[in-house]
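Chain residues, written in single-letter form:
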Amino acid sequence: MEHTRFRIGRDYTQYLPFGYATYSPWFEDWFQEIYKKVKANTIVTEDRCYILYRLSQHCSHLEGDFAECGVYKGGTAFLIAHALKKRSIQDRSFHLFDTFTGLPSIADKDPTGHKSGEFGDVSLDDVKEYLNSFPFAVFHPGIMPETFEAVKDRRFSFIHVDIDLYQTARDCCSFFYERMVKGGVMVFDNYGFQRYRVGEKRAVDEFFNDKPECLISLPTGQCVVIKL
């Protein structure tokens, strides 16, 4: 059965063939004002951006740094940093991990079919300039997980993983899980999309198979893990 959704009225989305409409807060004016600042710098859809923004706010009261793995042009990083700044919480670091030159060479052997150099229409200088109003953003250019070495002694309350490759997603899980504070949140952006069932989804499923946390798969395609 084919499913279709489209916006109706001001703040609702209708799902066919079911016919019901659900509240869609990402259409609200306050969030659209924020989304306007990032939509040219991200390929993440506005519903996923809203989830990121709210979860960032939720974790802002916890101890520990924030991190994003897979920054691309900085759109979702802007959202997360904006959430921290809005809550007047700038006494912690927001660590940004990416090559800032496109996918690395291991992409050529990844089961998702990605190729090295994809998403290479970006530069570290441009992202730094875009995020220059957030002095607590710390850039870690290079290949993951090698670049994680710089934060091996840090604790984390929020991690956004937007990684297209199986092994890198698995490395993110292995590194950050043991460094998360209780109640901290990991968000996996590509978990629910069909292409990534052999990539990010497989990596996350395998890693958390013997962990006590429950994987919360959202209709946005994201997956959320709350550290116990």
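Residues numbered from 1 in each chain as written. Predicted model: local features only at pLDDT ≥ 70, side-chain atom pairs only at ≥ 80, totals over all residues. Heavy atoms only, no water.

Undergrad: How would you explain the sheet that holds strand β4 (residues 65–69) if you had to name every residue and give the values?
TA: Pairing is mixed in the open sheet, where 7 strands are placed in the order β6-β5-β4-β7-β8-β10-β9. In this open sheet, the two strands that pair with only one neighbour each are β6 (137–141) and β9 (216–217). The pairing of β4 with strand β5 (residues 94–98) spans 4 bridges and is parallel. Its bridge partner being in β5, Cys69 is matched across the sheet by Phe97. (Pairing = 2+ DSSP bridges. Helix = DSSP H or I, 4+ residues; strand = E, 2+ residues; numbered from the N terminus.)

Undergrad: How would you sum up the packing of aromatic side chains? Please name residues and give values.
TA: On inspection of all chains with the given rule, the structure shows 24 aromatic pairs. Geometrically, the ring pair formed by Tyr177 and Phe207 is edge-to-face, given 5.5 Å between the ring centres and 75° between the ring planes. With Tyr177 in helix α5 (residues 166–177) and Phe207 in helix α6 (residues 200–208), this residue pair connects regions lying 30 residues apart in the sequence. The burial state of Tyr177 is the same as that of Phe207; both residues are buried. (Phe/Tyr/Trp six-rings, centres within 6.5 Å; stacked < 30°, edge-to-face > 60°. Buried < 20%, exposed > 50% of the residue type's maximum accessible area, 1.4 Å probe, protein only.)

Undergrad: An account of α5 is needed here, citing residue identities and associated values.
TA: Look at α5: 16 Å from first C-alpha to last across 12 residues, which is about the 16 Å you get at 1.5 Å a residue. Most of α5 sits out of view: 9 of its 12 residues are buried. Turning to α5, its buried residues are Tyr166, Thr168, Ala169, Asp171, Cys172, Cys173, Phe175, Phe176 and Tyr177. Buried residues along α5 sit in contact with β4, β5, β7 (156–161), β8 (180–188) and α6. (Expected span 1.5 Å × (residues − 1). Contact = heavy atoms within 4.5 Å.)

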